[in-house]
Amino acid sequence: MNKPQTEVIGLLKENCYLLAGQTGALVIDPGEATPAVMEFCETNRDKSLAVLLTHAHFDHILGAGELKERFGATVMIGEPDAPGLEDPRLNLCGRLRLRQKTVVADRLLQDGDVVRVGDWTVQVLSTPGHTKGGVCYRIKTWLFSGDTLFAGSFGRTDFPGGDAAALLASLERLFDATTDCDVFPGHGEPTTLFFEKNTNPYKRFLHS
C-alpha cells in the first residue's frame, strides 16, 4: 500500500498530506497552496476533491480557500472549529499579523461521521484539546492526527480553545484503540499508535 504523499509547508514545517485514488483525491491540512499542492489538485481535478482540515490554525488552513476557489474542492472541518476559518483570533493570524483568505466550510463534521470522497472512505474522530473542534481522520490503516498527537509529543493547549483535560481524554481515546495504525501527524515524522501508547510522555504532563 503506497503511503500518503507529504508536503512540508512553511516556517512551522506543517505536514500537508495528499492522497489520490481512482475516483477521489484528498488534501489534508493545506497550510498553503504551494506549487506541489496545486499541481496535485490540477492532476486530479477530474476526480472528487476534498480538503480535510484537522483544526483551524493558520498553518493548517491557509491554502483551503484557494483550493476551493480554483478547483471546487469540498472543504470539511470539525463543527466547533468552523468559526476559526474566518476569525483571526482563533486561527492565530491576528497574533502573527498574517493576511488570510477566508473560506467557509462545505461540511461540518461530527464524531463518528463517515465521509466518502470518490473511492476514499474517511472515519472522523473528534479529538478536542488542542482546539475545541480538532478531529483526526482514519483512512485505511492510517491515522491523520493533526496537532493532537505527534511522534513523542502532543499538541499544546495554551491557544484559544485549548483544554488540557480534553486533550488528555482525546489521547486516551486514541490509545484505547484495539488495532494499530500508522500515525501521520501535523508536524514531524510519522509514528505508530501502539508505539506512542507505550512511549509518549503525555501522562506525565497532562495528568495533574
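Here's what I pulled together on the structure shown here.

How each quantity is defined
Residues numbered from 1 in each chain as written. Predicted model: local features only at pLDDT ≥ 70, side-chain atom pairs only at ≥ 80, totals over all residues. Heavy atoms only, no water. Buried < 20%, exposed > 50% of the residue type's maximum accessible area, 1.4 Å probe, protein only. Helix = DSSP H or I, 4+ residues; strand = E, 2+ residues; numbered from the N terminus. Contact = heavy atoms within 4.5 Å. Polar contact = N/O pair within 3.5 Å; in protein donor to acceptor, adjacent residues only side chain to side chain.

**Points about helix α3 (residues 64–71)**
No. 1: The set of residues buried in α3 consists of Ala64, Gly65, Leu67 and Phe71.
No. 2: Buried-residue contacts for α3 involve β3 (24–28), α1 (35–43), β4 (48–52), α2 (58–61) and β5 (74–78).
No. 3: A positive phi of about 70° marks glycine 72, the residue just after α3.

**Focus: the side chain of asparagine 44**
No. 1: Residue position: asparagine 44 is located in the loop between α1 and β4.
No. 2: Overall, the relative accessible area of 5% leaves asparagine 44 in the buried class.
No. 3: Reaching out from asparagine 44, the side chain makes a polar contact with the backbone oxygen of phenylalanine 40 at a distance of 2.8 Å.
No. 4: With near-sequence residues (within four places) excluded, asparagine 44 lies in contact with Ala20 and Ala25.

**Topic: unusual backbone geometry**
No. 1: Look at aspartate 29: it is not a glycine, yet its phi comes out positive at around 60°.
No. 2: Mapped onto the elements of the fold, aspartate 29 is located in the loop between β3 and α1.
No. 3: The phi torsion at leucine 92 lies on the positive side, around 75°, for a residue other than glycine.

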